Amino acid sequence: MVAATTQMLLTTILQFILTSLTNAASAEQWRSRSIYQVVTDRFATSDLSGPPCDTSQRQYCNGTWTGLTKKLDYIQGMGFDAVWIAPIVHNIENETAYGQAYHGYWSQDITTLNAHYGDETSLNALSKALHDRGMYLLLDVVINHMAASALPTPFSAYTPFNQPAEFHPFCFITDYNNQTDVEQCSLGDTNVALVDLNTENQDVINGMYSWINQTVQKYSVDGVRIDTVKHIRKDFWPGFAQSAGVWTVGEVLDNRTSYVGDYTNFLDSVLDYPAYFALTSAFQNPSGNISALVEVVQQTQSYKVHAMSTASFLENHDQPRFQSLTTDQSLVKNAMAWAFITDGVPILYYGQEQGYSGSGDPNNREALWLSGYQTQNKPLLTHVTSLNQARKAAINASSTFLTTPMKILNSNANSLTISKPPLLGLLTNVGNASVSSWGVLNAGYSANANLMEVLTCTKMQADGQGGVSANTATGQPMIILPTSALAGSSLCNGGQATGTGKGNGAFSIRGALEGGTQWLLVQLAVFGSLLLGLA
């Protein structure tokens, strides 16, 4: 009886541990991540060859999931621990007035994979390779529409939704201030129409909820980025998110915080488009409007979980690359730093680290293999690596870093000071030919604390009141951490600190999973089996 009870108890404990370890990543777990976004067709080919890829032709260039898997060292080497891939489903195959569907956003059959990228085996291999490294997979999905290269709507070309009742009566959006128009009419034009699904139709609702649930499970997806969220009624999204069972981040393309923020009541997170527009305006030249960026920060504190319910970015596949707006490298580095020192989950769009400068679609979808994946003598790659390291150091040094809203301590026409303890960020838009200075009386450090400016690894010291004074002769951003926060980090040689840091240093089962130890799962299973045998 005792042996049987012991065996039952051990079985229960083992199942609980394994279930906890393999649980889908939560919104809270995603907050500590940093995301590298790729256009699958343009990141890496299966044999890592470097074929020509003329973005202006809008053709498939043969990037694949296998190629991406082979180049994960490159991504992880910069400190990223999540990868956002393009939509995976079957798209329009024929040539259109806008080229081919290499980007993945012109769905026709959501039950079949896009064979240009690979097959089930190669997609699962990518997912496994990411998880073996402790990295997350973020899957892009298109729920709002199906694509048509000619009208009237070719219902028979679609799977599984191929009945007229499963689509809204056809109309193109003409008034973006009319939410009904936005939600029930179609994007695109007569060359490529994005035909609007009727997401009030119960068959469509059930079909989409079932599809996302099965897709997440089949490919062990950790998070879902949702395209064109504002084009579907809000009360559709909670059920979709619940069916996905993983972190959801929605694209709500608008510059108004009042409009975008409300979607955080229906999904875990939104892409921080209001900050994106303000950020690019603030840092593309020395006369940029920093006050507008400060105002956006203040407004996002009214979101469901403040700005922690956002994902921050400077570039993506829909917007011009920042270096098409300015080539001043000081301005570029300041703007890049924003996402890593503020509240949202940071996202870097592939190629930014290589200095890519394509303007709008299709020029901003360059093939990364044309860069040779160089890691030496690449200042922006070094910069983003340091940004990732600084953020990780701050997370490890403070158990409240990810849950404490940032504060703007000071701002003026050309600079601002961001406090997110223990990190202090000093940004400026003066450009590389000018000097910028900061005097931060209320920096929040202890008196005479030893500090490090981590982008240059320059030692500093707080004053007797914990304040900080700093200046830069070439308009560079500055990120300051206590040297004690760098203990155990490769950043700035660990700060040459003697302290051990605080916060998240203790080993935990959840921490072990986030460290990527598939080994731990195996060992626990073996250990549990032995215990059950002994019982």
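Right, let's walk through the structure included here. (Residues numbered from 1 in each chain as written. Predicted model: local features only at pLDDT ≥ 70, side-chain atom pairs only at ≥ 80, totals over all residues. Heavy atoms only, no water.)

### Brief notes about the overall build of the protein chain
Consideration 1: On a plain count of helices and strands, the protein chain comes out with 16 helices and 22 strands.
Consideration 2: When burial is assessed residue by residue, the protein chain has 56% of its 535 residues classed as buried.
Consideration 3: Put simply, of all contacts in the protein chain between residues at least 6 apart along the chain, 68% involve residues at least 24 apart.
Consideration 4: Summed over its atoms, the accessible surface of the protein chain is roughly 21100 Å², and 52% of this surface lies on carbon and sulfur atoms. (Helix = DSSP H or I, 4+ residues; strand = E, 2+ residues; numbered from the N terminus. Buried < 20%, exposed > 50% of the residue type's maximum accessible area, 1.4 Å probe, protein only. Contact = heavy atoms within 4.5 Å. Areas by Shrake-Rupley, 256 points an atom, 1.4 Å probe, with all protein chains shown as cover.)

### Side note on the pairing of strand β9 (residues 223-226)
Consideration 1: Side chains of β9 alternate between two faces, with Gly223 and Arg225 and Val224 and Ile226 buried alike.
Consideration 2: One ladder, built from four bridges, connects strand β5 (residues 136-141) with β9; its direction is parallel. Bridge pairing in β9 links Leu138 to Gly223.
Consideration 3: Of the pairings in the sheet, the one linking β9 to strand β10 (residues 247-250) comprises four bridges and is parallel in character. Residue pairing in the sheet places Ile226 in a bridge with Gly250 of β10.
Consideration 4: The handedness of the β9 to β10 crossover, carried by helix α9 (residues 237-244), is right-handed. (Pairing = 2+ DSSP bridges. Right-handed = clockwise from strand over helix to strand, strands pointing away.)

### Quick notes on the packing of aromatic side chains
Consideration 1: As enumerated under the stated definition, the model contains 23 aromatic pairs in all.
Consideration 2: Geometrically, the ring pair formed by Phe80 and Phe340 is edge-to-face, given 6.5 Å between the ring centres and 65 degrees between the ring planes. With Phe80 in the loop between α5 (72-77) and β2 (82-85) and Phe340 in helix α13 (residues 329-341), this pair connects stretches of sequence that are 260 residues apart.
Consideration 3: Since its relative accessible area comes to 1%, Phe80 is described here as buried.
Consideration 4: Residue classification places Phe340 among the buried residues on the basis of a relative accessible area of 1%.
Consideration 5: Ring centres 5.5 Å apart and planes at 90 degrees place the aromatic pair Trp237 and Phe240 in the edge-to-face group. Residue Trp237 and its partner Phe240 are both found in helix α9; the two are separated by three residues, about one turn of the helix.
Consideration 6: The exposure class assigned to Trp237 is buried, which follows from its relative accessible area of 0%.
Consideration 7: Cluster of aromatic residues (ring-pair linked, three or more members): Tyr36, Phe43, Tyr74, Phe80, Phe340 and Tyr373.
Consideration 8: Positioned above the aromatic ring of Tyr136, the side-chain terminus of Arg33 is 3.7 Å from the ring centre.
Consideration 9: Stacked on the ring of Tyr263, the Lys or Arg Lys234 has its end atom at 4.8 Å from the ring centre. (Phe/Tyr/Trp six-rings, centres within 6.5 Å; stacked < 30°, edge-to-face > 60°. Lys NZ or Arg CZ within 6 Å of the ring centre and 35° of its normal.)

### Quick look at helix α6 (residues 120-132)
Consideration 1: With 13 residues, α6 ought to run about 18 Å at 1.5 Å a step, and its terminal C-alpha atoms sit 18 Å apart, in line with that.
Consideration 2: By the burial criterion, the buried members of α6 are Ser122, Leu123, Leu126, Ser127, Ala129, Leu130 and His131.
Consideration 3: Where α6 begins, the side chain of Asp119 points an oxygen toward the backbone nitrogen of Thr121, at a separation of 3.2 Å.
Consideration 4: Directly beyond the C-terminal end of α6, a positive phi value near 80 degrees is found at Gly134. (Expected span 1.5 Å × (residues − 1). Polar contact = N/O pair within 3.5 Å; in protein donor to acceptor, adjacent residues only side chain to side chain.)

### Observations regarding the pairing of β10
Consideration 1: A two-sided burial pattern is seen for β10, the buried positions comprising Trp247 and Val249 on one face and Thr248 and Gly250 on the other.
Consideration 2: When β10 meets strand β11 (residues 269-271), the two strands line up parallel, connected through two bridges. Counted as the bridge partner of Gly250 is Val270 from β11.

### Things to note about the sheet that holds strand β16 (residues 415-420)
Consideration 1: The six strands are arranged β15-β16-β17-β22-β19-β20 in an open sheet whose pairing can be described as antiparallel. Among the strands making up the open sheet, the edge pair consists of β15 (407-411) and β20 (458-461). Along the sheet, successive strands turn relative to each other by an average axial angle of 25 degrees, direction set aside.
Consideration 2: Across six bridges, β16 lies against strand β17 (residues 423-428) in antiparallel orientation. Looking at β17, one finds that Thr417 is bridged to Leu426. (Axes fitted to C-alpha atoms, helices over the stretch in contact; angles between N-to-C directions.)

### A look at the nonpolar core
Consideration 1: Membership of the largest hydrophobic core comes to 127 residues, with the highest contact counts inside it found for Tyr36, Phe43, Ile75, Ile85, Ile143 and Trp338.
Consideration 2: Aside from chain neighbours lying at most four places away, what touches Ile85 is Val38, Thr40, Trp65, Leu68, Leu123, Leu126, Leu137, Leu138, Leu139 and Asp140. (Core = buried A, V, L, I, M, F, W, Y, C linked by side-chain atoms within 4.5 Å.)

### Structural notes on the sheet that holds strand β7 (residues 187-188)
Consideration 1: The three strands are arranged β6-β8-β7 in an open sheet whose pairing can be described as antiparallel. Of all the strands in the sheet, the pair left with one neighbour each is β6 (145-148) and β7.
Consideration 2: In this structure, β7 lies alongside strand β8 (residues 193-196), joined through two bridges in antiparallel fashion. Within β8, the position partnered with Gly188 by the bridge is Ala193.

### Some remarks on the packing of helix α11 (residues 273-283) against helix α12 (residues 290-300)
Consideration 1: Two numbers describe how α11 lies on α12: the axes approach to 8 Å, and their chain directions differ by 160 degrees. Overall, the two elements α11 and α12 adopt an arrangement that is roughly antiparallel. When the axes of α11 and α12 are compared, the crossing they make is left-handed. Contact residues: Pro274, Ala275, Ala278, Leu279, Ala282 and Phe283 in α11; Ile290, Ala292, Leu293 and Val296 in α12. (Parallel < 35°, antiparallel > 145°, perpendicular 65-115°, else oblique. Left-handed = near helix turned anticlockwise from the far one by under 90°.)

### Observations concerning helix α8 (residues 202-218)
Consideration 1: The end-to-end C-alpha distance of α8 is 24 Å, a good match for the 24 Å that 17 residues give at a rise of 1.5 Å each.
Consideration 2: Of all the positions in α8, only Val204, Ile205, Met208, Tyr209, Trp211, Ile212, Thr215 and Val216 are classed as buried. Across the axial projection of α8, the buried residues extend over an arc of 160 degrees, all falling on one side. Exposed positions of α8 whose direction lies more than 90 degrees from the buried face are Asp203, Gln214 and Gln217.
Consideration 3: Where α8 is buried, its residues meet β3 (89-91), β4 (107-113), β5, β9 and α9.
Consideration 4: Where α8 begins, one side-chain oxygen reaches toward the backbone nitrogen of Asp203, 2.8 Å away; that side chain belongs to Asn201.
Consideration 5: Following α8 by one or two positions, Ser220 adopts a phi angle in the positive range, close to 50 degrees. (Arc of directions from axis to C-beta.)

### Quick look at the state of the cysteines
Consideration 1: Summed over all chains, the structure comprises three disulfides.
Consideration 2: Here Cys53 is linked by a disulfide to Cys61, with a sulfur-sulfur distance of 2.1 Å. One disulfide, between Cys53 and Cys61, carries an S-S torsion of 85 degrees and so falls in the right-handed class. Comparing Cys53 with Cys61, the two get one shared label, buried.
Consideration 3: Disulfide partner of Cys171: Cys185, at an S-S distance of 2.0 Å. (Disulfide = S-S within 2.5 Å.)

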